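For reference, the chains in residue letters:
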Amino acid sequence: MDKHLAEPISFNLAAADAAALKDLLQTTDKNLRDALLAAARTAAIKQFGHNIYIRGLIEFTNYCKNDCYYCGIRCSNQKARRYRLTKEQILSCCESGYQLGFRTFVLQGGEDPFFTDAVMVDIIKAIKTDYPDTAITLSIGERSYASYKAMYDAGADRYLLRHETANPEHYARLHPVKLSLANRLECLQMLKEIGYQVGTGFMVGSPYQTIDNLIEDLLFVRDFKPQMIGIGPFIPHHDTPFHNQVAGTMEQTLRLIAILRLMLPKALIPSTTALGTIAPDGREQGILAGANVVMPNLSPIEVRKDYLLYDNKICTGEEAAECNFCLQSRLQSIGYKIVVDRGDYKE
Ligand code: SF4
């Protein structure tokens, strides 16, 4: 038996109601809490073995036209030092990533009008021409159906768009009035319809979030059935309206990862950098709670510190190879290994 596994208890979360989910999030029974995490870990091992998929994160622009209250690169943060990577710089990140064994590249950025459909299509095609055996994941926010379709037709495979909170009133407290949950959800539907493998997710412990909001998030994710689920603790950024808010907790994030793993056993769930930021072994703990993906940073070292969505973000000072090696050793220490694989969602 895996050395980290406690006595198995079976949890049927595919159909659990709100009250049962609330109990799991709030229980003070340590045995139940440990059994939840152990069951999630077992479910992940059954699906993926001790293999962990890696995604090479390329943060290619920190310009953003939006003003989300929690985000360090929101447009009204005058102190953010802005940058955009060129196509050549992006391809160079892919080259070093490919050599390190990455077979998925995640192009992440703010909603930057510079990156029109034509510009994105050109970049996607160039990556797919040079690295045809890789998957491209986009994480560039809300766009039109035509835009999503053009990028999909150019070769993009996956799209990450966190819904952030499934409650419209809560959404309105985190975002300016021109951003709405309705539009976010419409974008998610469009992405699914076009054929992307879709990822969604939310912040844990964001300002004004209630336990009922988290239950709404869980039920939304279970109904939507995304192929990828990204959650991480809210961490305040010093130059945002939420600078003095309290960060989300490791404990709640771990329980939520475990619940999501048991709800959607085949989903690709990253152990996020935000988890690694609130605790030195946060990413390892995420894996042991049922996550199966890590996303090391492939962005050029000189821009890493400028893509600061929240304070104290880790891995902003090391080269990609160093990050990869560090993660490999961390995962090995808990009995897991990184695999060279696109890591697609499998039915
Ligand atoms: S969260 Fe995303 S859309 Fe909102 S300001 Fe930050 S980068 Fe822009």
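All of these numbers come straight from a predicted model, not from anything done at the bench.

Enquirer: An account of the overall build of the chain is needed here, citing residue identities and associated values.
Expert: A count of helices and strands for the chain gives twelve helices and nine strands. The C-alpha radius of gyration computed for the chain amounts to 19 Å, which stays within 12% of the reference 20 Å derived for 347 residues, consistent with globular compactness. With the principal axes as the frame, the chain shows a C-alpha extent of 50 × 45 × 40 Å. Within the chain, the proportion of its 347 residues that are buried is 59%. The contacts in the chain between residues at least 6 apart in sequence include a share of 76% that link residues at least 24 apart. In the form shown here, the chain has an accessible surface area of approximately 14,200 Å², with 53% of it arising from carbon and sulfur atoms.

Enquirer: I'd like to hear about empty space enclosed by the protein, residue by residue, with values.
Expert: For the coordinates displayed, the defined rule picks out two cavities of 30 Å³ or more. Taken as a whole, the second largest cavity holds about 40 Å³ of empty space. Among the elements of the structure, α2 (30-48) and β1 (51-54) are those that each provide at least two residues to the lining of the second largest cavity. Ranked by the residues each element gives to the lining of the second largest cavity, the list is headed by α2, at three residues. Split into classes, the residues belonging to the lining of the second largest cavity amount to seven nonpolar, three polar and no charged.

Enquirer: Outline the site of the ligand, listing residues and values.
Expert: In the vicinity of the ligand, the contacting residues are Cys64, Asn66, Cys68, Tyr70, Cys71, Ile73, Arg74 and Gly110. Counted by class, the shell around the ligand contains five nonpolar, two polar and one charged residues.

So, how was this worked out
- Residues numbered from 1 in each chain as written.
- Predicted model: local features only at pLDDT ≥ 70, side-chain atom pairs only at ≥ 80, totals over all residues.
- Heavy atoms only, no water.
- Helix = DSSP H or I, 4+ residues; strand = E, 2+ residues; numbered from the N terminus.
- Rg over C-alpha atoms; globule rule 2.2 N^0.38 Å.
- Buried < 20%, exposed > 50% of the residue type's maximum accessible area, 1.4 Å probe, protein only.
- Contact = heavy atoms within 4.5 Å.
- Areas by Shrake-Rupley, 256 points an atom, 1.4 Å probe, with all protein chains shown as cover.
- 1 Å grid on protein atoms, 1.4 Å probe; cavity = no way out; pocket = protein on both sides within 12 Å on 5 of 7 lines; lining within 4 Å.
- Points joined across faces, edges and corners; volume = space filled by probe spheres on them.
- Nonpolar A, V, L, I, M, F, W, Y, C, P; charged D, E, K, R; others polar.
- Near = heavy atom within 4 Å.

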